[in-house]
Amino acid sequence: MELNEWVKIQTLYDSEKQALIVSNIVATTEARLANQERGPQYEVETRVEQTDEKWQVYWRKIFIGNKTGCGGGCGSCSDNTPPPKKSMAKVLPFKRPSV
């Protein structure tokens, strides 16, 4: 798939509401898959069009830039904040029911 190229979802939907729900799911999923913690960042656009009496969903990725920043662990920056306190968890024993 080329950037800025609209991709058509093959499924046709009976109502605009169903198509909008699917377009939101596609936008969220594709954005999470495409974006990296550090690296290229994409925005996913969707559109819903009526064809005959059904609704069709289209989507595309738009490059919005690169995300840079510290991933931590190298020790080159002076981070003087103390590590967060860990709370102790309580283990609950599992009791098998008597038969």
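Attention in this report is confined to the structure presented alongside it. (Residues numbered from 1 in each chain as written. Predicted model: local features only at pLDDT ≥ 70, side-chain atom pairs only at ≥ 80, totals over all residues. Heavy atoms only, no water.)

## Side note on the overall build of the protein
Put simply, the rule is: Think of it this way: any DSSP run of H or I at least four residues long counts as a helix, any run of E at least two long counts as a strand, and we number them from the N terminus. For the exposure calls, accessible area comes from a 1.4 Å probe over protein chains only, and a residue counts as buried if that area is under 20% of its type's maximum, exposed if over 50%, partly exposed in between. Note on contacts: a residue pair is in contact if any heavy atoms of the two residues lie within 4.5 Å.
Helix and strand counts for the protein stand at 1 helix and 3 strands. Starting at the N terminus, the α and β elements of the protein follow one another as β-α-β-β. Counting only residues that meet the buried cut, the protein has 21% of its 99 residues in that class. The long-range fraction of contacts in the protein, counting pairs at least 24 apart against all pairs at least 6 apart in sequence, stands at 58%.

## What to know about the side chain of Gln-56
As for its placement among the helices and strands, Gln-56 is situated in strand 3 (residues 54-67). Gln-56 sits in the buried class, given a relative accessible area of 6%. Setting aside anything within four residues of it in sequence, one finds Gln-56 in contact with Lys-8, Ile-9, Gln-10, Thr-11, Leu-12, Arg-47, Val-48, Glu-49 and Thr-51.

## Some details on helix 1 (residues 16-34)
The cut-off we apply is this: For a helix, the expected span equals 1.5 Å multiplied by the residue count minus one. The directions considered for the arc run from the helix axis to the C-beta atoms.
Over its 19 residues, helix 1 extends 26 Å from the first C-alpha to the last, a length consistent with the 27 Å expected when each residue adds 1.5 Å. The complete set of buried residues in helix 1 reads Ala-19, Val-22, Ser-23, Val-26, Ala-27, Ala-31 and Ala-34. Viewed along the axis of helix 1, the buried residues span an arc of 160°, placing them on a single side of the element. Exposed residues pointing more than 90 degrees away from the buried face of helix 1 are listed as Lys-17, Asn-24, Ile-25 and Arg-32. Tucked inside the fold, the buried residues of helix 1 contact strand 2 (39-51) and strand 3.

## Topic: the pattern of salt bridges
Quick reminder of the rule: A pairing counts as a salt bridge when a side-chain nitrogen of Lys or Arg comes within 4 Å of a carboxyl oxygen of Asp or Glu.
Applying the stated rule across the entire model yields 3 salt bridges. Taking the shortest distance from any N to any O, the salt bridge between Glu-45 and Arg-60 comes out at 2.9 Å. Within this pair, whereas Glu-45 is found in strand 2, its partner Arg-60 is found in strand 3, the two being separated by 15 residues in sequence.

## Notes on the packing of aromatic side chains
The test is simple: Ring pairs are drawn from Phe, Tyr and Trp, using the six-membered ring of Trp, whenever the two centres fall within 6.5 Å, and their geometry is named by plane angle: stacked under 30 degrees, edge-to-face over 60, tilted for the rest. As a reminder, the over-ring test applies to NZ of lysine and CZ of arginine, requiring each to be within 6 Å of the ring centre and within 35 degrees of the ring normal.
Within this structure, the stated rule accounts for 1 aromatic pair. Where Tyr-42 meets Phe-63, the ring centres are 5.7 Å apart and the plane angle is 65°; that geometry is what we call edge-to-face. Here Tyr-42, found in strand 2, pairs with Phe-63, found in strand 3; they are 21 residues apart in sequence, far enough to count as distant. When its relative accessible area of 17% is taken as the criterion, Tyr-42 is described as buried. By relative accessible area, which is 41% here, Phe-63 ends up partly exposed. In this structure, Lys-61 is placed above the aromatic ring of Tyr-42, and the distance from its NZ or CZ to the ring centre is 4.9 Å.

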